[in-house]
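Below, each chain spelled out in residue letters.
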Amino acid sequence: MAEHWEYVVVGLGALGSATAYHLARGGHRVLALERFARGHDRGASHDSSRILRHSYHTPGYVDLTFAAYDDWAVLEADSEQQLVTVTGGLDLYPPGAAIDKHDYTASMAACGVPFTELDAGALAQRWPQLRLPDGTVGVYQERSAIVPAARGVQALQQSALRHGATLRDRSPVTAVRVVGDGVEVDAGDTTYRCRRLVVCADAWTNDVLAGLGHRLPLTTTLEQVTYFAAPDPGELRVGRLPLWIWMDDPSFYGFPCYGEPTVKAAQDCGGPALDPDDRPPPGVDETDESMRDRLAGFLRQILPAAGPAQRSVRCLYTLTPDRDFVLGTVPGHESVLVGLGAAHGFKFAPTLGRLLCEVAVHGQSETDLAPFRLDRPGLSDSSYAAHWLV
């Protein structure tokens, strides 16, 4: 006998937790299944912090950032926790930067986001901790912020539970079948029957979709963030040092001190591709010394106030060829939805969960999700050339 639910969500990372939260908040009977233990570090939603910002490369994404700030505020009120820490943020463009500054400034201007452009002299005067090459231009947006990673996911899950969701971990999905006007999901020794299935399994998305004969062209990479000592934490704290992103190839990013006297930094898309099931078991040190040395060398150049590396943390990026989100129904299977953040979705998690909830319940969203459909060229054209630098 199958258990019957209105909605089943697969995956309890940021997007799955947010979807379960919004479905439960709307009064729906929702079950969420997680293959690992809740709060695990095998995917993409653990660790301490993520960036929330208005600065993006298209007006469509900038528009979504307004919703992201609003939805984080709703979650703050619902969970009775402060989750957003405003720091200000700098996009740093060295001479000949591989990322087009105009894409970002034009998109923010089109959406009415205020920003300031500063040359290298002005950057050095305002943030003397930074040592930037001559000709570097900074684009500063004062509303950029930090949101907590593991604690943010926990807030989503606790709020989902409070609104009546059922969350079951250690329940890997082994089969999915469309049956009539519903979906059956096998996980462990149990079959679940639901009206709509929402797959937010990130690196394991194709495993879940296998029974439907649909596969997305995803690449999973093993990334690494590193925490560096802050010999003078006061100089590197929130309010003195903003978030920063190096808008070149390779692209790096970093945080001020947040919750501890360290600064966190990483390279975007700097890790090797892998099968997520091929990682060593928990407890094994996965630190890549060459990645850490490359990052440390860069940090010594632009932020010499940072001290030696203290520790590194690995996480997964699950990338689409066009680096755009996946938000929509599986072609030919309208009762199955997929949500995937393409390794930059955490800042949008409460919003993406709300949008997936709208589509699951109503069949559509008031937000235009056409750029994120599963049948767009970036996912359906086998000759599409992957590009991840945005």
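The rules behind the values
Residues numbered from 1 in each chain as written. Predicted model: local features only at pLDDT ≥ 70, side-chain atom pairs only at ≥ 80, totals over all residues. Heavy atoms only, no water. Helix = DSSP H or I, 4+ residues; strand = E, 2+ residues; numbered from the N terminus. Rg over C-alpha atoms; globule rule 2.2 N^0.38 Å. Buried < 20%, exposed > 50% of the residue type's maximum accessible area, 1.4 Å probe, protein only. Contact = heavy atoms within 4.5 Å. Areas by Shrake-Rupley, 256 points an atom, 1.4 Å probe, with all protein chains shown as cover. Lys, Arg positive; Asp, Glu negative; His and termini not counted. Charge placed at Lys NZ, Arg CZ, Asp CG, Glu CD. Axes fitted to C-alpha atoms, helices over the stretch in contact; angles between N-to-C directions. Parallel < 35°, antiparallel > 145°, perpendicular 65-115°, else oblique. Left-handed = near helix turned anticlockwise from the far one by under 90°. Nonpolar A, V, L, I, M, F, W, Y, C, P; charged D, E, K, R; others polar. Expected span 1.5 Å × (residues − 1). Pairing = 2+ DSSP bridges. Salt bridge = Lys/Arg side-chain N within 4 Å of Asp/Glu carboxyl O. Core = buried A, V, L, I, M, F, W, Y, C linked by side-chain atoms within 4.5 Å.

Section: the overall build of the protein
- Looking only at helices and strands, the protein has 9 helices and 19 strands in total.
- For 390 residues, the compact-globule formula gives about 21 Å, and the C-alpha radius of gyration of the protein, at 21 Å, lands near that figure.
- Structurally, the protein occupies a C-alpha span of about 70 × 45 × 45 Å along its principal axes.
- Buried positions account for 57% of the 390 residues belonging to the protein.
- Taking the contacts inside the protein whose residues are at least 6 apart along the sequence as the reference set, 74% of them involve residues at least 24 apart.
- By element, 48% of the accessible surface of the protein is carried by carbon and sulfur atoms, the whole surface being about 15,700 Å².
- Here the protein carries 34 positive and 48 negative side-chain charges, and the mean point of each set is 4 Å from the other.

Comments concerning the packing of helix α1 (residues 14-25) against helix α8 (residues 349-362)
- At a minimum axis distance of 7 Å, the contact between α1 and α8 shows a crossing angle of 55 degrees. In terms of orientation, α1 and α8 fall into the oblique class. Considering only the axes of α1 and α8, their crossing is right-handed. From α1, Ala14, Leu15, Ala18, Thr19, His22 and Leu23 reach across to α8, where they touch Ala349, Pro350, Leu352, Gly353, Arg354, Leu356, Cys357 and Val361.
- Across the contact of α1 with α8, the residue classes break down as 10 nonpolar, 3 polar and 1 charged.

Things to note about α8
- With 14 residues, α8 extends 20 Å from end C-alpha to end C-alpha; this agrees with the ideal 20 Å at 1.5 Å per step.
- Burial of α8 is extensive: 11 of the 14 residues sit out of reach of the surface.
- Here α8 has its buried residues at Ala349, Pro350, Thr351, Leu352, Gly353, Leu355, Leu356, Cys357, Val359, Ala360 and Val361.
- For α8, the elements touching its buried residues are β1 (3-10), α1, α2 (59-79), β12 (190-199), β18 (326-330) and β19 (333-340).
- After α8 finishes, the residue Gly363 shows a positive phi value of roughly 85 degrees.

Here we look at α1
- Between its terminal C-alpha atoms α1 stretches 16 Å, which fits the 16 Å expected from 12 residues at 1.5 Å a residue.
- Judged by how many residues are buried, α1 sits mostly within the fold: 11 of 12 residues are covered.
- Looking at α1, one finds that the buried residues are Ala14, Leu15, Gly16, Ser17, Ala18, Thr19, Ala20, Tyr21, His22, Leu23 and Ala24.
- Phi turns positive, to about 90 degrees, at Gly27, one or two residues after α1.

Some words on the sheet that holds strand β6 (residues 116-118)
- One open sheet holds the 8 strands; their spatial order is β6-β7-β5-β14-β15-β16-β13-β17, and the pairing between them is mixed. What marks the edges here is a single partner per strand, and that holds for β6 and β17 (309-319). Ignoring strand direction, the axes of neighbouring strands in this sheet form an average angle of 20 degrees.
- The strands touched by helix α3 (residues 101-110) within the sheet are β5 (89-93), β6 and β7 (137-141), with β7 carrying the most contacts at an inclination of about 25 degrees.

A word on the side chain of Glu34
- By the secondary structure assignment, Glu34 is in the loop between β2 (30-33) and β3 (49-52).
- Of the buried charged residues, Glu34 lacks a salt bridge, with Arg35 as the closest side chain of opposite charge at 6.0 Å.
- Those residues within four positions of Glu34 in sequence are excluded, and the remaining contacts are Gly11, Leu12, Gly13, His40, Arg168, Asp169, Arg170, Ser171 and Pro172.

So, the nonpolar core
- In terms of nonpolar packing, the biggest core is built from 70 residues, with Leu52, Trp72, Tyr253, Phe325 and Phe348 touching the most fellow members.
- In terms of residue count, the dominant contributor to this core is α8 (8 residues).
- Once residues within four sequence positions are removed from consideration, Phe325 is found in contact with Tyr61, Leu64, Leu340, Gly341, Ala342, His344, Gly345, Phe348, Leu352, Phe372 and Arg376.
- Leu31, Leu216, Leu316 and Leu374 belong to the second largest nonpolar core, which has 32 residues in total.

Thoughts on the pattern of salt bridges
- Under the counting rule described, the total for this entry stands at 17 salt bridges.
- In this structure, Arg279 engages Glu286 in a salt bridge whose closest nitrogen and oxygen atoms are separated by 2.6 Å. For the pair Arg279 and Glu286, one class covers both residues: buried.
- The shortest N-O distance in the salt bridge between Arg354 and Glu358 comes to 3.1 Å. Separated by 4 residues within a single helix, Arg354 and Glu358 lie in helix α8, roughly one turn from each other.
- Linked by salt bridges that have partners in common, Arg25, Asp78 and Arg162 make up one network.

Considering the pairing of strand β11 (residues 182-187)
- Burial within β11 is extensive, with 6 of its 6 residues counted as buried.
- Side chains Gly182, Glu184 and Asp186 of β11 all project onto a buried face; the interleaved residues Val183, Val185 and Ala187 project onto the opposite face, where all are buried too.
- Sheet analysis places strand β10 (residues 173-179) next to β11, joined by 6 bridges and oriented antiparallel. Across the sheet, Val179 pairs through a bridge with Gly182, a residue of β11.
- Sheet topology places β11 next to β12; 5 bridges connect them, and they run antiparallel.

With respect to unusual backbone geometry
- Each neighbour pair has its own omega, and for Asp249 with Pro250 the value is 5 degrees, a cis peptide bond.
- Tracing the chain through its elements places Pro250 in the loop between β14 (243-246) and β15 (251-254).
- Even without glycine at this site, Arg170 takes up a positive phi of about 50 degrees.
- Along the chain, the position of Arg170 falls in the loop between β9 (166-168) and β10.
- A relative accessible area of 60% means that Arg170 is categorised as exposed.
- Despite not being glycine, Arg323 has its phi angle at roughly 60 degrees, a positive value.

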